[in-house]
Amino acid sequence: MQLYDFPFAPNPRKLRVYLAEKGIEVPLVGVNLVQGEQRTPEFLAKSPLGALPVLELDDGTCLTESLAIIEYFEELHPDPPMIGATPLERAQVRRLEQIATNSVLASLGRLFHTTKAPLPGAIANPAIADAARAALPRPLAVLNDEIGDHPFVAGTKPTIADCTLFATFKLAEMAEVDLMPGPNLVRWYAAFSQRPSAAA
Ligand SMILES: N[C@@H](CCC(=O)N[C@@H](CS)C(=O)NCC(=O)O)C(=O)O
């Protein structure tokens with residue numbers, strides 16, 4: 001098995017952080033998104049949308065979509081649980097992870113791609129950038145309230161919600177976007193950054 005990866009991109013990073021938290025080692029194969037390596041016919045045969053991450057199994061099966069890959073590993077290696085241990089816990093973890101993905105990372109990604117335009121052929125678009133920037137404060141305020149004084153996004157244990165939000169904050173650093181996080185998020189990010197998985 002091997003994992004197609006680009007060190008600076010958030011979806012591959014959330015998967016690497018998850019794997020590090022679980023103690024799972026998978027060999028990485030670099031795909032340089034900035035140089036357009038995701039658009040070669042060979043890579044598109046593995047990932048038809050030309051996106052990372054991709055997990056290639058030993059029989060050649062290729063899995064795309066970071067969350068689907070995480071759920072695959074979680075079923076293979078249930079301990080320690082990173083998506084909660086009960087139906088309600090799992091729902092809560094998935095809910096918070098989806099807020100981080102759909103409401104924070106998606107807007108931040110749009111802002112990044114319409115300001116810095118890092119990928120081949122991308123162009124800046126100030127109107128879309130402004131709309132994306134305006135969409136960020138509300139979900140970040142919700143997450144700040146939800147974390148409260150817990151050590152992790154979903155409570156007392158690290159979960160996939162931490163992995164996604166951490167990758168999002170790292171993208172914000174790279175994109176030079178100040179997310180203006182509330183105090184609970186600031187404390188959470190400083191603490192999570194000290195975990196060994198943060199270096200993944
Ligand atoms: N929903 C997908 C999103 C994948 C995605 O957009 N990956 C980005 C990197 S974070 C990518 O490979 N972009 C390359 C491109 O758009 O050309 C997932 O969760 O894996």
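The rules behind each value
Residues numbered from 1 in each chain as written. Predicted model: local features only at pLDDT ≥ 70, side-chain atom pairs only at ≥ 80, totals over all residues. Heavy atoms only, no water. Helix = DSSP H or I, 4+ residues; strand = E, 2+ residues; numbered from the N terminus. Rg over C-alpha atoms; globule rule 2.2 N^0.38 Å. Buried < 20%, exposed > 50% of the residue type's maximum accessible area, 1.4 Å probe, protein only. Near = heavy atom within 4 Å. Polar contact = N/O pair within 3.5 Å; in protein donor to acceptor, adjacent residues only side chain to side chain. Areas by Shrake-Rupley, 256 points an atom, 1.4 Å probe, with all protein chains shown as cover. 1 Å grid on protein atoms, 1.4 Å probe; cavity = no way out; pocket = protein on both sides within 12 Å on 5 of 7 lines; lining within 4 Å. Sits in = over half its atoms within 2 Å of the grid points. Nonpolar A, V, L, I, M, F, W, Y, C, P; charged D, E, K, R; others polar. Axes fitted to C-alpha atoms, helices over the stretch in contact; angles between N-to-C directions. Parallel < 35°, antiparallel > 145°, perpendicular 65-115°, else oblique. Contact = heavy atoms within 4.5 Å. Salt bridge = Lys/Arg side-chain N within 4 Å of Asp/Glu carboxyl O. Domains from an automatic or database assignment. Buried area = accessible area lost by both parts, 1.4 Å probe.

**Q** Break down the overall build of the chain for me, with residues and values.
**A** Helix and strand counts for the chain stand at 8 helices and 4 strands. Secondary structure elements in the chain, listed N-terminal to C-terminal, are β-α-β-α-β-β-α-α-α-α-α-α. A compact globule built from 200 residues would reach a C-alpha radius of gyration of about 16 Å, and the chain, at 17 Å, matches this within 12%. With respect to the three principal axes, the spread of C-alpha positions in the chain is 50 × 45 × 25 Å. By residue count, 44% of the 200 residues in the chain fall in the buried class.

**Q** Please give an account of the site of the ligand that cites residues and values.
**A** Close to the ligand lie 14 residues; Gln38, Ala51, Leu52, Glu65 and Ser66 are nearest. In this structure, leucine 52 approaches the ligand through a main-chain N or O atom, which is 2.7 Å from an oxygen atom. Interatomic distance of 2.6 Å between a side-chain N/O atom of serine 66 and an oxygen atom of the ligand. With the chains in place, 72% of the 510 Å² that the ligand exposes on its own is no longer accessible. In this structure, the ligand is accommodated by the largest pocket. With 3 residues, helix H1 (residues 10-22) is the largest single contributor of residues to the shell around the ligand. Class assignment for the residues of the shell around the ligand results in 8 nonpolar, 4 polar and 2 charged.

**Q** Talk me through the packing of helix H7 (residues 160-175) against helix H8 (residues 183-193); I want residue IDs and the actual numbers.
**A** Where H7 meets H8, the closest approach of the two axes is 11 Å, and the angle between their N-to-C directions is 95°. When the axes of H7 and H8 are compared, the pair comes out roughly perpendicular. The residues of H8 that touch H7, namely those facing Asp162, Leu165, Phe166, Phe169, Lys170 and Glu173, are Leu185, Trp188, Tyr189, Phe192 and Ser193. Here the residues of the contact of H7 with H8 are counted per class, giving 7 nonpolar, 1 polar and 3 charged.

**Q** Describe the pattern of salt bridges, listing the residues and the values that go with them.
**A** It is possible for side chains of opposite charge to pair when their charged atoms get near one another. Under the criterion given, the structure shown has 10 salt bridges. Note that arginine 133 and aspartate 130 form a salt bridge whose closest N and O atoms lie 3.0 Å from each other. Pair noted here: arginine 133 and aspartate 130 are both in helix H5 (residues 126-134), with a separation of 3 residues, about one helical turn. Residue aspartate 130 is classed as partly exposed on the basis of its relative accessible area, which comes to 46%. Here glutamate 173 and lysine 170 are joined by a salt bridge, their closest N and O atoms 3.7 Å apart. Of this pair, glutamate 173 and lysine 170 are both found in helix H7, 3 residues apart, which corresponds to roughly one turn of the helix.

**Q** Describe the environment of isoleucine 83, with residues and values.
**A** Turning to its location among the elements, isoleucine 83 is positioned in the loop between helix H3 (66-76) and helix H4 (87-115). Spatially, the C-alpha atom of isoleucine 83 lies 5.9 Å from that of valine 93, the residues being 10 residues apart in sequence.

**Q** Pulling in residues and values, what's your account of the domain arrangement of the chain?
**A** Under the domain assignment used here, the chain contains domain 1 (2-76) and domain 2 (87-199). Relative to domain 2, the C-alpha centre of domain 1 lies at a distance of 20 Å. Across the domain 1/domain 2 interface, buried area totals approximately 1500 Å², and carbon plus sulfur atoms make up 65% of it. Our count for the domain 1 to domain 2 interface comes out at 3 salt bridges. Among the salt bridges present, the one from glutamate 21 reaches arginine 195, with a minimum N-O distance of 2.8 Å. Summed over the shared surface of domain 1 and domain 2, the result is 5 residue pairs in polar contact (both at pLDDT 80 or more). Of all the secondary-structure elements, those providing two or more residues to the side of domain 1 that touches domain 2 are H1 and H3. Here the residues of the side of domain 1 that touches domain 2 sort into 9 nonpolar, 4 polar and 5 charged.

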